[in-house]
Amino acid sequence: MKCLAICQTELMVRTLDRILSSTFELDFLVENRALARRLHDAGIRVTAADCCRVDTYLKADLSPQTCVIIEDNRRRSLRRLVEAVRDAGGSLMYVLSTGSSTRAADDVRQRYPEVTQFTLAELTEPTLVAELSRSLTRARVQQYQRYFEYADRVLILLHDDPDPDALASGLTLRYILRRRRATCTIGALRPMTRPENLRMARLLDIPVDPVSSADFEKYDRIATVDVQPHCVDGLSRVDLVIDHHPEQTGYNTVFKDIRPDYGSTSTILWEHMRAVDFDVSERNATAMLYAIKSDTLFFARHTNRQDLEAFTYLYPLADPALIRKMEGAEITHERLEYVMRALAASVHEDQVFCGCLGEAPREDLITYAADFFLELEDTRWTIIAGIVGDRLVVSLRNLGYARNAGEFVKRAFADLGSAGGHRSLAKAVVPFEAFVQKHDARTPEEIARRLSELTHRFLHEQNGKAKDRDVAVAQKATI
Ligand SMILES: [Mn+2]
């Protein structure tokens, strides 16, 4: 494809020549004869001519398929130049503004909408900003690498019932710290329960050791990933925190990298890894890719550009067969049983599905049911409750952000127990008897009805449009 660049400066000619000459049949037009000679001697295809004359372009053999790039450095009359190109039959025109003002280019664009306009600053910005922030990340990572370097025993603590993001983050941080299992424990206070997560840990060989608060003093350095220490009993001081949940207070740490706008902690750790030029192994890539996919529900919730970039980068490096194996069959007999119990005691009204599955052996059956019913036709909010031991656990999901899920559970349940979450998912855990006393609801049917009333009241409040803040998870587990 032919490309004609009309330039005023040597810098622009040499830059475009480097970028485009391997892809396009590229010719330059300049006005200054001395410049043309110099560039010609350097092997560049350049002609000196009056750039505002139509016959200049006729001689240059311009066709409607030629890309014409026009450097606008405000020295020439841009409009006359564009008109000459048009009159000679040019139609693919790109004005590249190099100065601080784009007034002349804006004026041309208004008159000739077929002209595409961009600035040098726009073109350079993404790369430059990415590179500079990468340097910042690199400095930060090198600092904590040094700080952890001479420790005999290191603990990377995950949240209770670790999920794929926690597992992948633990694995990746251990690699960044240049450690193996012998000198660096990946641990959690409460073990994994979900079958998919257990499968992931087994297939990618990420053993999670059980630890207790009493063990903390045995470690020289402690890091938490995908969780902040305020959730952990007996842990008020750590050395490193990497997390994507809203930032909390109530603990001390030497280093931290908390980015609540990220869809997963794995994305943050992927940036750390890239900043220090570590190779991404197939195992790491598979773990992180699965973590991003799972934490963002395959980009259906809380995702940013970095998550997508990480996904794009990791995708060709990961093992897709292994990911399919990890995902496995989601539906088990046990889960189906509890979904049916929730359906039996449910109220579905105005796109809100409330259900109570009664007593359950584990919390994950409740969150599973909440996810499950979000797939139901004509449903935008799901609120599922269940009784685990002496506590009522309420799990909430929504599609669409008209109101904040975290705000709702906080308002409805914070006086009885712990409650919090994000816009689209939240959880509350309260003593069952306290709930019964306050709400006069004990059977699953009564509880579902009560939850439905509370939700509709919240959704129909007058100030419903007010911008709700994300509410911190008072007690984080897998929400
Ligand atoms: Mn996460």
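Residues numbered from 1 in each chain as written. Predicted model: local features only at pLDDT ≥ 70, side-chain atom pairs only at ≥ 80, totals over all residues.

### Details of the overall build of the protein
Here is step 1: From N to C terminus, the protein includes 17 helices and 18 strands.
Here is step 2: Against the compact-globule benchmark of 23 Å for 479 residues, the protein has a radius of gyration of 30 Å, which places it well outside the compact range.
Here is step 3: Sorting the 479 residues of the protein into buried and exposed places 42% on the buried side.
Here is step 4: Partitioning the contacts of the protein with sequence separation of at least 6, the portion at a separation of at least 24 is 60%. (Helix = DSSP H or I, 4+ residues; strand = E, 2+ residues; numbered from the N terminus. Rg over C-alpha atoms; globule rule 2.2 N^0.38 Å. Buried ≥ 20, exposed ≤ 12 C-beta atoms within 10 Å, placed from the backbone. Contact = placed C-beta atoms within 7 Å.)

### Section: the domain arrangement of the protein
Here is step 1: Under the domain assignment used here, the protein contains domain 1 (2-114), domain 2 (130-327) and domain 3 (333-465).
Here is step 2: Each of domain 1 and domain 3 has a C-alpha centre, and these two points are 64 Å apart. (Domains from an automatic or database assignment.)

### Concerning the sheet that holds strand S2 (residues 25-30)
The pairing of strands in a sheet happens through backbone hydrogen bonds and is either parallel or antiparallel.
Here is step 1: Across the sheet, which stays open at both edges, the six strands sit in the order S3-S2-S1-S4-S5-S6 with parallel pairing between neighbours. Here the strands that pair on one side only, and so sit at the sheet edges, are strand S3 (46-48) and strand S6 (116-119). Pairs of neighbouring strands in the sheet enclose a mean axial angle of 20°, with direction left out of account.
Here is step 2: In this structure, strand S5 (residues 92-97) lies alongside S6, joined through four bridges in parallel fashion. Within S6, the position partnered with Tyr-94 by the bridge is Thr-116. (Pairing = 2+ DSSP bridges. Axes fitted to C-alpha atoms, helices over the stretch in contact; angles between N-to-C directions.)

### Structural notes on the sheet that holds strand S7 (residues 154-157)
Here is step 1: Ordered in space as S9-S8-S7-S10-S11-S12, the six strands form an open sheet in which the pairing is parallel. Edge positions in the sheet fall to strand S9 (209-210) and strand S12 (252-258), since each has one partner strand and no second.
Here is step 2: Sheet topology note: the S7/strand S8 (residues 184-188) ladder contains four bridges and is parallel. By the bridge assignment for S8, Leu-155 is matched with Thr-185.
Here is step 3: Its contacts with the sheet put helix H6 (residues 120-149) on S7, strand S10 (221-225), strand S11 (237-243) and S12, and the angle it makes with S12 is roughly 145°.

### Concerning unusual backbone geometry
Here is step 1: Non-glycine residue Asp-205 carries a positive phi angle of around 55°.
Here is step 2: Locating Asp-205 in the fold gives a position in the loop between helix H8 (195-203) and S9.
Here is step 3: The phi dihedral of Gln-351 is positive, around 65°, even though this residue is not glycine.
Here is step 4: In this structure, Gln-351 sits in the loop between strand S13 (346-349) and strand S14 (352-359).

### With respect to the environment of Arg-53
Here is step 1: Looking at where Arg-53 falls in the secondary structure, it is placed in the loop between S3 and helix H3 (54-59).
Here is step 2: We classify Arg-53 as partly exposed; it has 15 C-beta atoms within 10 Å.
Here is step 3: The spatial distance from the C-alpha of Arg-53 to the C-alpha of Thr-286 is 59 Å, given a sequence separation of 233 residues.

### Let's talk about the pairing of S7
Here is step 1: Of the two faces of S7, the one lined by Val-154 and Ile-156 and the one lined by Leu-155 and Leu-157 are each fully buried.
Here is step 2: Once you follow S7 into helix H7 (residues 164-176) and on to S8, the crossover reads as right-handed.
Here is step 3: Relative to S10, S7 runs parallel, the two sharing four bridges. If you follow Leu-157 over to S10, its bridge partner there is Thr-224. (Right-handed = clockwise from strand over helix to strand, strands pointing away.)

### Some points on the packing of helix H9 (residues 265-275) against helix H10 (residues 282-295)
Here is step 1: Following both chains from N to C, one finds H9 and H10 inclined at 145°, their axes separated by 8 Å at the closest point. Of the residues in H10, those touching H9 at Ser-266, Thr-267 and Trp-270 are Met-288, Ala-291 and Ile-292.

### So, the environment of Ile-384
Here is step 1: Inspection of the secondary structure assignment puts Ile-384 in strand S15 (residues 381-388).
Here is step 2: Residue Ile-384 is classed as buried on the basis of its C-beta count, with 30 C-beta atoms lying within 10 Å.
Here is step 3: A sequence separation of 67 residues divides Ile-384 from Leu-451, and the C-alpha atoms of the two residues are 8.7 Å apart.
Here is step 4: Residues contacting Ile-384, with those up to four places away along its chain left out, are Ala-342, Gly-355, Leu-357, Ile-366, Ala-369, Ala-370, Phe-373 and Ser-395.

### Brief notes about H6
Here is step 1: Relative to the 44 Å expected for 30 residues at 1.5 Å per residue, H6 spans 43 Å between its end C-alpha atoms, a close match to the ideal helical length.
Here is step 2: Pro-126 marks where H6 bends most, by close to 30°.
Here is step 3: Burial analysis of H6 places just three of its 30 residues in the buried class, which makes it a mostly uncovered element.
Here is step 4: Listed as buried for H6 are Val-141, Tyr-144 and Phe-148.
Here is step 5: Along its buried surface, H6 packs onto S7, H7, S10, S11, S12 and H9. (Expected span 1.5 Å × (residues − 1). Bend = angle between axes of the 7 residues up to and from the residue.)

### A look at the packing of H10 against helix H11 (residues 305-314)
Here is step 1: Where H10 meets H11, the closest approach of the two axes is 10 Å, and the angle between their N-to-C directions is 140°. Along this stretch, H10 crosses H11, giving a crossing that reads as left-handed. Residues Ala-285, Met-288, Leu-289 and Ile-292 of H10 form the contact with H11, whose own contacting residues are Asp-307, Ala-310, Phe-311 and Leu-314.
Here is step 2: Taken together, the residues of the contact of H10 with H11 break down into seven nonpolar, no polar and one charged. (Left-handed = near helix turned anticlockwise from the far one by under 90°. Nonpolar A, V, L, I, M, F, W, Y, C, P; charged D, E, K, R; others polar.)

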